[in-house]
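# Architecture and fold: a report
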Amino acid sequence: MTFISYMPSRRWVCALLCAAAMLPGLASAQVPAAIEGRIISITEDGFGGATVNVMGADVVVPAAVFSGGLATSPTATITSPSQLATGSLPGRAEPGFIGGTAIINGSSSLLGGFVADDLFVEPAENVVIGVITSVANSDGMFSCEMSLEGVPLVFSDDSRMPAGTAINGTGFDIYPCSAIPGDSAAVEGYFGELDGSLHIFAFESDDADIISTASGTTTITRASCDRGRLEVRGSSTLFAGQAVVFDDDDNIQLGSTALQLDPVTNTGSYRFRANVGGCPLNVRVESWEDGAATASSFAVAPVDVR
């Protein structure tokens, strides 16, 4: 009896791969690639890069992603793969960000695999919005023990994902520990299975005290420009007066608008809209009391140019 072998010869395999490499869309073509999912493993390559396995897909993260500031957590830049793979975050048993979530954009080909252009990581995306149920050992500023809807909160102090500045809904910096039971708040972080606490990097409350300098505070919550049409929004601890808008790079005044009292926060809000010709890259907003010789306070922000 004659047996027919279905095992291809090495020469045939080589010919097939070589042919595939010359066919656009099969091997040589680079196509956009993206993935979001659970981090299974992180393997350092010894040259400043790593292979990150996300849901079974191996993604090569070159050293340039880490050295170029393109690897980030919600509040920090990840500068080396060892920060991803070693040292458990507080409250977590797994090392680094393993078991957490990665969001990666890059490109892929049949022979080259998935290579990352950037990398975002976080242990989890856990959010609580509601009422503060307890505050203890508070200094009225930044140090306290707090629970939101009965969930114990811990302000993250790990350098890989430290807590950002606490704010209110209009962008003012606040003292988070000035809040009291019954006040409202919203937080984001990750739940620590080892200590039963929510380790937070974001805290927002309209009920906490605003951090204000002696001359007040100005915020910019939106700055966008579309074909010369500029819009800037924000708030000021002045509840009356003017918000004066400048092209910060060229120090050119672009216009002004009145501050309007917000009865909820007892602060002033503004919305500036004007055709300014060329879109500025950065704007400065100064808060002026009527008749004052100098600005009370100011803020600078980049413009989203469309």
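The following paragraphs examine the structure supplied in this document. The structure displayed is predicted, hence computed values, not measured ones. Going along each chain's sequence as written, the residues are numbered from 1 onward. Under the rules for a predicted model, residues below a pLDDT of 70 receive no local features and side-chain atom pairs below 80 are neither given nor counted, while totals for whole chains, interfaces and linings still include all residues. Side-chain measures here rest on the full set of heavy atoms in the structure, leaving out hydrogens and waters.

Okay, the overall build of the chain next. To qualify as a helix, a DSSP run of H or I must reach at least 4 residues; to qualify as a strand, a run of E must reach at least 2; elements of each kind are numbered from the N terminus. Helix and strand content of the chain: three helices and 22 strands. On C-alpha atoms alone, the chain measures out to a radius of gyration of 26 Å, which is more than a quarter above the 19 Å that the 2.2 N^0.38 rule sets for 306 residues. Seen along its three principal axes, the alpha-carbon backbone of the chain occupies a region of about 105 × 55 × 30 Å. Scored against the burial criterion, the 306 residues of the chain give a buried share of 39%. For this analysis, residues touch if any pair of their heavy atoms sits within 4.5 Å. In the chain, 58% of the contacts between residues at least 6 apart in sequence involve partners at least 24 apart. Of the roughly 16,000 Å² that the chain leaves accessible, carbon and sulfur atoms contribute 55%. What the globule rule says is 2.2 Å times the number of residues to the power 0.38, and the radius of gyration is computed from C-alpha atoms. Working definition: with a 1.4 Å probe on protein chains only, accessible area under 20% of the residue-type maximum means buried, over 50% means exposed, and in between means partly exposed. Values of accessible area rely on a 1.4 Å probe in the Shrake-Rupley scheme; residue burial ignores everything except the protein chains shown.

This next bit is on the sheet that holds strand S20 (residues 282–288). Paired through their backbone hydrogen bonds, the strands of a sheet run either parallel or antiparallel. Read from one edge of the open sheet, four strands run S17-S16-S20-S21, paired in antiparallel fashion. Edge positions in the open sheet fall to strand S17 (252–258) and strand S21 (297–302), since each of these has one partner strand only. Within this sheet the neighbouring strands show an average axis-to-axis angle of 20°, counted without direction. Two elements, S20 and S21, share six bridges in a ladder whose sense is antiparallel. By the bridge assignment for S21, Arg-284 is matched with Val-300. Following DSSP output, two strands are said to pair if at least two bridges run between them. Simply put, an axis is a line fit to the C-alpha atoms, just over the touching stretch for a helix, and the angle between two N-to-C directions goes from 0 to 180 degrees.

Okay, the state of the cysteines next. By convention in this document, the label disulfide applies to cysteine sulfur atom pairs within 2.5 Å. Counted under the stated rule, the structure contains two disulfides. Here Cys-144 connects covalently by a disulfide to Cys-177, the sulfurs 2.1 Å from one another. Between Cys-144 and Cys-177 the disulfide shows an S-S torsion of about -70°. By sign, it is left-handed. Highlighted residues: Cys-144 in the loop between strand S7 (126–136) and strand S8 (145–148) and Cys-177 in the loop between strand S10 (174–175) and strand S11 (184–192), separated in sequence by 33 residues. Here Cys-225 pairs with Cys-279 through a disulfide, and the sulfurs are 2.1 Å apart. Handedness of the Cys-225-Cys-279 disulfide follows from its S-S torsion of about -75°: it is left-handed.

Attention shifts here to the pairing of strand S12 (residues 197–204). Of all eight residues in S12, six are buried; the element is thus mostly enclosed. With three bridges connecting them, strand S9 (residues 151–155) and S12 associate as parallel partners. Opposite Phe-155, over in S12, you have Ile-200 as the bridge partner. Here seven bridges tie S11 to S12, and the two strands are oriented antiparallel to one another. Looking at the pairing, Gly-189 lines up with Ile-200 of S12. What sits between S11 and S12 in their antiparallel hairpin is a turn of four residues, with Gly-196 showing a positive phi close to 70°.

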